[in-house]
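# Per-entry structural report
Each chain, letter by letter, is given below.
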Amino acid sequence: MREGKRRILTYGTFDLLHVGHVRLLQRAAALGDELIVGVSTDDFNSIKGKSAQYPYQDRAEIVAALTCVDEVIAEENWEQKADDIRRLDIDALVMGSDWEDDERFAHLCDLCELVFLPRTEGISTTSIKDDLSKGA
Ligand code: C2G
């Protein structure tokens, strides 16, 4: 905790922001006093095998505009999380449940709490893109 404030961290691409993202961020924010969000850069998205519709600057600006978000940092690689947790004095790392079994997160429980929240079913950036391309 920093100055007695419980600090929450989460990461994501947050492309074409939708209710699944917003509900994740709101629930994460509700677990503490401050929410810091690592938004994946365009280069890191390439590493993740994702290509976002919006460039990093726009995605970061949109996430930063949410009232439940206190700070946005760039997520540039898989390896930065431990350093981010220490540097930002994080109390809990919060992710959607699709990350629960990912070994890239398991070791982080030595540094802070790990919380995995149920995903919002029935919506994803990919499904939005597919619907739009089909003229749905
Ligand atoms: N999410 C959700 N419900 C959805 C869609 C997404 O709860 N219907 C959550 C995801 O579980 C994730 C967050 O919203 O915790 C952001 O999702 P994405 O933008 O798809 O991010 P992702 O590709 O999962 O990147 O290092 C971690 C990665 O950067 C996470």
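Everything here concerns the structure above.
These lines cover the structure that appears in this document, whether it is placed above or below.

Scoring rules and cut-offs
- Residues numbered from 1 in each chain as written.
- Predicted model: local features only at pLDDT ≥ 70, side-chain atom pairs only at ≥ 80, totals over all residues.
- Heavy atoms only, no water.
- Near = heavy atom within 4 Å.
- Polar contact = N/O pair within 3.5 Å; in protein donor to acceptor, adjacent residues only side chain to side chain.
- Areas by Shrake-Rupley, 256 points an atom, 1.4 Å probe, with all protein chains shown as cover.
- Helix = DSSP H or I, 4+ residues; strand = E, 2+ residues; numbered from the N terminus.
- Nonpolar A, V, L, I, M, F, W, Y, C, P; charged D, E, K, R; others polar.
- Salt bridge = Lys/Arg side-chain N within 4 Å of Asp/Glu carboxyl O.
- Buried < 20%, exposed > 50% of the residue type's maximum accessible area, 1.4 Å probe, protein only.

The environment of the ligand is made up of 22 residues, and the closest members are Lys50, Glu75, Asp98, Thr120 and Ile123. Contact distances for the ligand include 2.7 Å between a nitrogen atom and a backbone N or O atom of Ile123. For the ligand, the accessible surface in isolation is 630 Å², of which the surrounding protein chains cover 96%. Looking at the shell around the ligand, the elements with two or more residues in it are strand S1 (7-12), helix H1 (19-29) and strand S4 (92-96). A per-element tally of the shell around the ligand places H1 first, with three residues. For the shell around the ligand, the class distribution of residues is eight nonpolar, eight polar and six charged.

Take the pattern of salt bridges next. Counting across every chain of the model gives nine salt bridges. The shortest N-O distance in the salt bridge between Arg6 and Glu113 comes to 2.8 Å. In this pair, Arg6 sits in the segment before S1 while Glu113 sits in strand S5 (residues 113-117), placing the two residues 107 residues apart along the sequence. The closest approach of N and O atoms between Lys81 and Glu75, which form a salt bridge, is 3.2 Å. A residue is classified by how much of its surface remains accessible, and Lys81, at 3% relative accessible area, is buried. Note on Glu75: relative accessible area 2%, which makes it buried.

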